[in-house]
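Chain and residue survey
Each chain is listed here by its residues.
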Amino acid sequence: MNKLLISAGAVAALAFTAAPAAAAPVSANANAQAKIYRPLSIQNNNGLDFGTLVLSGTAPYSTVVSVSQAGALTYDNSYVTPSGTAQAASFTVKGTSNQNVNITLPASTVSLTGSNGGTLTLTIDAPTTAAIGSAGPTTGVTFGVGGSLTLTDTTTDGVYTGSFAVNADYQ
């Protein structure tokens, strides 16, 4: 009978410890979001033009001539007499309406090569951002890119040309 009580006690102990209670499941919610934009396009409308710059003045000298992003020419008239019309380069970016884009330049300076030899360094002046308006896919946003040249009394005469790239990407 003693063995029977011990066996019954062992079975009872196993019944109380055989399986732990199952944990209650838990959950949490997460939000999902996707921004869908139209592809950007960028077009060059016209190039950067300093017009004709006639150098004069007593040597030695070094002077900076600039075209602003709005197309205004600045110069020191002690050394430069301009003629013709200066203009900033103009670009149009089209994409999703009411979005901002970052404007970047692969290089902030570009070498211009003269038709009679010589080189000039063009320092480019571009905006860093632009806001595409409500008609983004059709009219986009147009912005100007200016620049500056340093001219000296030894700058070789000629027509100086070169090119530069402008990039745009959504913010």
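The structure this text deals with has already been given above.
**Structural notes on the overall build of the protein**
Secondary structure summary: the protein contains 1 helix and 13 strands in total. A burial count over the protein gives 25% of its 171 residues as buried. The contacts of the protein with a sequence gap of at least 6 include a subset with a gap of at least 24, amounting to 74%.

**Here we look at unusual backbone geometry**
Omega for the bond connecting Ala59 with Pro60 falls within 30 degrees of zero, at -5 degrees, which places this linkage in the cis form. Even without being glycine, Asn98 reaches a positive phi, approximately 60 degrees. Within the fold, Asn98 resides in the loop between strand S6 (89-94) and strand S7 (100-104).

**Observations regarding the pairing of strand S11 (residues 141-152)**
Where strand S3 (residues 62-67) lies against S11, 6 bridges are found, and the strand directions are antiparallel. Each residue of the ladder has a partner; that of Val67, found in S11, is Gly147. As paired strands, S6 and S11 are joined by 5 bridges and run antiparallel to one another. When the bridges of S11 are listed, Ala89 appears paired with Val145. Pairing of strand S9 (residues 119-125) with S11, which is carried by 4 bridges, proceeds in the antiparallel orientation. Directly across from Leu122, in S11, lies its bridge partner Leu149.

**Concerning the nonpolar core**
Within the largest apolar cluster, 27 residues are counted, with the highest numbers of intra-cluster contacts made by Val101, Leu112, Phe143, Val145 and Leu149. Listing elements by their share of this core, those giving two or more residues are S3, S6, S7, strand S8 (109-114), S9 and S11. With 5 residues, S11 is the largest single contributor of residues to this core.

**Thoughts on the side chain of Ser90**
Considering the arrangement of structural elements, one finds Ser90 in strand S6. Here Ser90 is in contact with Gln43, Asn44, Asn45, Asn46, Thr142 and Phe143, once residues within four sequence places are set aside.

**Structural notes on the layout of surface pockets**
Taken as a whole, the largest pocket spans an internal volume of roughly 670 Å³. Lining the largest pocket are 26 residues; nearest its centre among them are Phe50, Gly51, Leu149, Val159 and Tyr160. The element that contributes the greatest number of residues to the lining of the largest pocket is strand S2 (residues 52-55), accounting for 3 residues. Split by residue class, the lining of the largest pocket holds 14 nonpolar, 10 polar and 2 charged.

**Some remarks on the sheet that holds S7**
Pairing in this open sheet of 3 strands is antiparallel, and the strands run S10-S7-S13 from one edge to the other. The open sheet terminates on both sides in strands that have one partner only, identified here as strand S10 (129-131) and strand S13 (167-170). For this sheet the average axis-to-axis angle between neighbouring strands, irrespective of direction, equals 30 degrees. Bridging between S7 and S10 involves 3 bridges; their strand directions are antiparallel.

Here is what the cut-offs are and how they apply
- Residues numbered from 1 in each chain as written.
- Predicted model: local features only at pLDDT ≥ 70, side-chain atom pairs only at ≥ 80, totals over all residues.
- Heavy atoms only, no water.
- Helix = DSSP H or I, 4+ residues; strand = E, 2+ residues; numbered from the N terminus.
- Buried < 20%, exposed > 50% of the residue type's maximum accessible area, 1.4 Å probe, protein only.
- Contact = heavy atoms within 4.5 Å.
- Pairing = 2+ DSSP bridges.
- Core = buried A, V, L, I, M, F, W, Y, C linked by side-chain atoms within 4.5 Å.
- 1 Å grid on protein atoms, 1.4 Å probe; cavity = no way out; pocket = protein on both sides within 12 Å on 5 of 7 lines; lining within 4 Å.
- Points joined across faces, edges and corners; volume = space filled by probe spheres on them.
- Nonpolar A, V, L, I, M, F, W, Y, C, P; charged D, E, K, R; others polar.
- Axes fitted to C-alpha atoms, helices over the stretch in contact; angles between N-to-C directions.

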